[in-house]
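# Summary of structural features
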Amino acid sequence: MPKSARLTKLTLIALCCCLCLGALGGQRAEAAEVAPSYMYSFYGESVAAPAAYQATSLYDGRTLGVDAFKEPSDLDVHPDGTIYILDSGNNRVVLLDQKMEPRGVVDSFVNGGSADGFANPQGLFVADNGHLYVADSGNQRVVHLDEQGKLVKIIEAPESELLQANFVFNPVRLVVDTSERVYVMAAGVFDGFMEFNSDGTFSTFIGANRVYVDPMEYLWKMLATRQQRSQMVMFTPTEFTNLDINDEGFIYATNGDRFGDPIKKLNAQGADILRREGNYTPQGDLIFRSATGPSRLIDIDVGDSEMYSVLDARLGRVFTYNGDGHLLYIFGGLGNRLGEFNTPVAIARAGDDILVLDKALGEITRFQTTEYGRVLNEAVRSYHRGDEASAARYFYEAVNLNANLEYAYAGIGKSELRQGNYGDAVHYFRQSMDRANYSKAYQLLRKEVLRAHFSTIMTGIVLAIVALLLVRRYLKSKARKKVVPV
Amino acid sequence: MNREQVTYPLQLIVRPFQGFWDLKYERDRKGVLIAAWIILGMLGLTVILQRQYSGFLVNFNNPKYMNSLLELAYVIVPVLFWCVANWSLTTLMDGEGKFAEIFMATCFALVPLVLIQFPWIWLSNFITFQEASFYYFSGSLAVLWCLFLLFVGNMTVHQFSPSKTLVTMALTVVAMGFMAFLCLLFFSLIQQIVGFVSTIYQELSLRS
């Protein structure tokens, strides 16, 4: 082969390679734009799903122009869009407006004529009237400021016969309901949340977790002597890890319970009324390595239409469920890229966006809905409003974007059932593995079909009976004829 | 196959004492043995079809992991285990049954399972949740009937008293557990040995 020919050949091959690489690179970039997500199917397997939320921006104290955050531990969003960040390490609350422009800093207030401040505060809550409640853990009190930053009241360690003599009040997180009752989650309290009246007096505990007794440990305890037993760990209920309150005054709480329900919705009596009608109870990840263990839910945020999101500290994922307990979407994770966290501690909704606060890095990640997320959110809202027709339209769109979304098929099925299209309803309920509704739709379909074809079916049965009788008679007569000659 | 061969199992399940007696003393051994294998095969077929074609409301299997051969094994292996365990025990306990008789009696006791569950595979496609209780009821009825036949079959084949039969049946279940354990142990040991030999072979072939 002449040298020049070989050279051209080589160049051609190189060119081809470059082209291929270019094409590949292009595809990669496109794929990286929206990270793929996953869902859990009826059978508890993880299946592919498009991302419902996408990280769009990352903020830290310096870029926001309020000095670096130091171990921030909580954030909350007022209905008007103002974001409150509790910068625990710097003992201050930072206020940002909707566009993430700083609107002010609360680090001191006037208490009895002299300036007072926070000491390592851990939790905050913003009421709809703009009042700010801070769990001032270092000072063992809850501080209530009005929208101007003036002190309204301070809740100190309560005195009550319900409490032990050596009780230390260490408030960590709190919520306030519309009649200004304050619910405090205090560290080292196993009896549930501490409820304070609007005047700051302690009233009661609500919503204690149940004690789980490990059978093996119980056996050991039975065998141990009294002295040994006193050295063993006591069976105590698990503590809550966080709480939120919705506009109806129900408290949503997460706990680190390995064996019970990690998410609870408490009514005024402290009873758990969370609906768990999905294929499995809301609990974060279903599949996990035994080394990492199950999801450890450390924050919960209730949105509109009873949707709620929980934050898993173990793998940094955010799980969103609807009011019936169906899993809607999952996003987030641990890592160094945008949309991943190091030590996530708190989530909050700002409109449809979701903000996640990272404690060690002092950063806030803003997640915005993708088209899929918007469609799904709207579907859930329409369904919650009772507008089944428009819900079905959104669910139909959602199914086109994610064929694995079993929950959406049930939404379409319900609308078809309402319209009397029983055949389609049966089909969609079957797709969604929703057996209860399938049974309802099937019963109606069966009735419809039997009614429509009643005359045909009855004629068929009568004809069959007549034919059977005739055949029998014919066979008998034939048998008799055979017998006669003998 | 003549008419009698089909009606015999049906007569046996409603008149078990007479039926099992005939099975042991009166009937042609070869014909009954063939019938027993056919019944076992039909039960296997029923179970496979049930997994695949049962109505949506009563079928909770993941079709992705449906394996007909495994389903067949889940039917045949326990039956064979039962027969082997029962035979080993009754030989020591003065039972009169031969292995073939035990196998035939066991297979004939399975007839109600086929007879009741086979039609339900199709019927279950046309039921709602309220009617599903009939499905489960007839399923349990089939199992109870089968257990009763197993009991009578055991009693007749070994010429045991009822109480002794009950004890043997309970012990048979325990023996099955032992056998399962021994099998697992055996296979795991074999696996270890095979692994060991193959590692040595690999080592030698790579060094030379």
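Owing to the predicted nature of the structure, the values given are computational and were not obtained by experimental measurement.

Cut-off values and rules
- Residues numbered from 1 in each chain as written.
- Chains lettered and ligands numbered in written order.
- Predicted model: local features only at pLDDT ≥ 70, side-chain atom pairs only at ≥ 80, totals over all residues.
- Helix = DSSP H or I, 4+ residues; strand = E, 2+ residues; numbered from the N terminus.
- Rg over C-alpha atoms; globule rule 2.2 N^0.38 Å.
- Buried ≥ 20, exposed ≤ 12 C-beta atoms within 10 Å, placed from the backbone.
- Contact = placed C-beta atoms within 7 Å.
- Domains from an automatic or database assignment.
- Nonpolar A, V, L, I, M, F, W, Y, C, P; charged D, E, K, R; others polar.
- Pairing = 2+ DSSP bridges.
- Axes fitted to C-alpha atoms, helices over the stretch in contact; angles between N-to-C directions.
- Core = buried A, V, L, I, M, F, W, Y, C linked by C-beta atoms within 7 Å.
- Left-handed = near helix turned anticlockwise from the far one by under 90°.
- Expected span 1.5 Å × (residues − 1).
- pLDDT = per-residue confidence, 0-100.

Attention now moves to the overall build of chain A. Of regular secondary structure, chain A possesses 10 helices and 27 strands. Taking 23 Å as the expected radius of gyration for a compact globule of 486 residues, we find that chain A reaches 31 Å, considerably beyond that expectation. The 486 residues of chain A split such that 37% are buried. For chain A, the share of sequence-separated contacts (at least 6 apart) that also reach a separation of at least 24 residues comes to 46%.

It is worth spelling out the domain arrangement of chain A at this point. Residue and element names in this part refer to chain A. What the domain assignment reports for chain A is domain 1 (46-369) and domain 2 (390-452). Just the C-alpha atoms count here: the centres of domain 1 and domain 2 sit 38 Å apart. If you look at the interface, domain 1 gives five residues, while domain 2 gives four residues. Residues belonging to the side of domain 1 that touches domain 2 are distributed by class as follows: four nonpolar, one polar and no charged.

Here we come to the interface of chain A and chain B. Taken together, the nine residues of chain A in the interface contact six residues of chain B. Among the elements that make up the side of chain A that touches chain B, the one with the highest residue count is helix α9 (residues 435-452) of chain A (seven residues). Split into classes, the residues belonging to the side of chain A that touches chain B amount to four nonpolar, two polar and three charged.

Another point: the sheet that holds strand β12 (residues 141-145) of chain A. Residue and element names in this part refer to chain A. Taken in spatial order, the four strands line up as β10-β11-β12-β13 in an open sheet, and their pairing is antiparallel. Either end of the sheet is taken by a strand with one partner, and the two such strands are β10 (123-126) and β13 (151-155). Strand-to-strand, the axes of this sheet are offset by a mean angle of 15°, without reference to chain direction. With four bridges joining them, β12 and β13 adopt antiparallel strand pairing.

Formed by 110 residues in total, the largest nonpolar core has its most connected members in Leu174, Val184, Leu243, Ala379 and Ala398 of chain A. Shared between two domains, this core takes at least three residues from each, and those domains are domain 1 (46-369) and domain 2 (390-452) of chain A. Setting aside chain neighbours within four positions, we find valine 184 of chain A in contact with Ala135, Val142, Pro171, Leu174, Phe193, Met194 and Phe196 of chain A. Counting residues in each nonpolar core, the second largest holds 31 residues, with Leu23, Ile39, Trp87 and Cys146 of chain B among its members.

Let's shift gears to the packing of helix α6 (residues 388-401) of chain A against helix α7 (residues 406-419) of chain A. Residues and elements named next belong to chain A. Axis separation between α6 and α7 bottoms out at 8 Å; the angle between their running directions is 145°. When the axes of α6 and α7 are compared, the crossing they make is left-handed. Where α6 approaches α7, its residues Glu388, Ala389, Ala391, Ala392, Phe395, Tyr396, Ala398 and Val399 are matched on the opposing element by Ala408, Tyr409, Gly411, Ile412, Lys414, Ser415 and Arg418. Split into classes, the residues belonging to the contact of α6 with α7 amount to 10 nonpolar, two polar and three charged.

This next bit is on the sheet that holds strand β19 (residues 251-255) of chain A. Residues and elements named next belong to chain A. Pairing within the open sheet is antiparallel, and its three strands lie in the order β18-β19-β20. The open sheet has two edge strands with one neighbour each: β18 (240-245) and β20 (263-266). Across the sheet, the mean angle from the axis of one strand to that of its neighbour is 20°, orientation sign disregarded. Sheet topology places β18 next to β19; five bridges connect them, and they run antiparallel. Its bridge partner being in β19, aspartate 244 is matched across the sheet by tyrosine 252.

Quick look at α9 of chain A now. For α9 of chain A, with 18 residues, the first-to-last C-alpha span of 25 Å sits near the 26 Å given by 1.5 Å per residue. As for α9 of chain A, its buried residues are in contact with α7 and α8 (422-431) of chain A.

This prediction gives chain B a mean pLDDT of 93; 100% of its residues lie at or above 70. Two summary scores accompany this predicted model of the complex, namely pTM at 0.83 and ipTM at 0.83.

Let us look at the environment of leucine 163 of chain A. Locating leucine 163 of chain A in the fold gives a position in the loop between β13 and β14 (171-176). Placed 33 residues apart in sequence, leucine 163 of chain A and phenylalanine 196 of chain A show a C-alpha to C-alpha distance of 14 Å.

Right, let's get into the pairing of strand β22 (residues 308-312) of chain A. All names here are of chain A. Counting buried positions over the five residues of β22 gives five, a clear majority of the element. Burial along β22 is two-sided: the face carrying Tyr308, Val310 and Asp312 and the face carrying Ser309 and Leu311 are both buried. Note that strand β21 (residues 297-302) and β22 share five bridges and pair antiparallel. Across the sheet, the residue bridging to isoleucine 300 is valine 310, located in β22. In this structure, the hairpin formed by β21 and β22 is closed by a connection of five residues, where serine 305 is found at a positive phi of approximately 50°. Between β22 and strand β23 (residues 317-321), which pair antiparallel in sequence order, lie four residues; one of them, glycine 316, sits at a positive phi of approximately 65°.

What follows deals with the pairing of β20 of chain A. All names here are of chain A. Along β20, one buried face is formed by Ile263 and Lys265 and the opposite face, lined by Lys264 and Leu266, is buried too. As defined by bridge partners, β19 adjoins β20 across four bridges and the pair is classed as antiparallel. Its bridge partner lying in β20, alanine 253 is registered against lysine 264.

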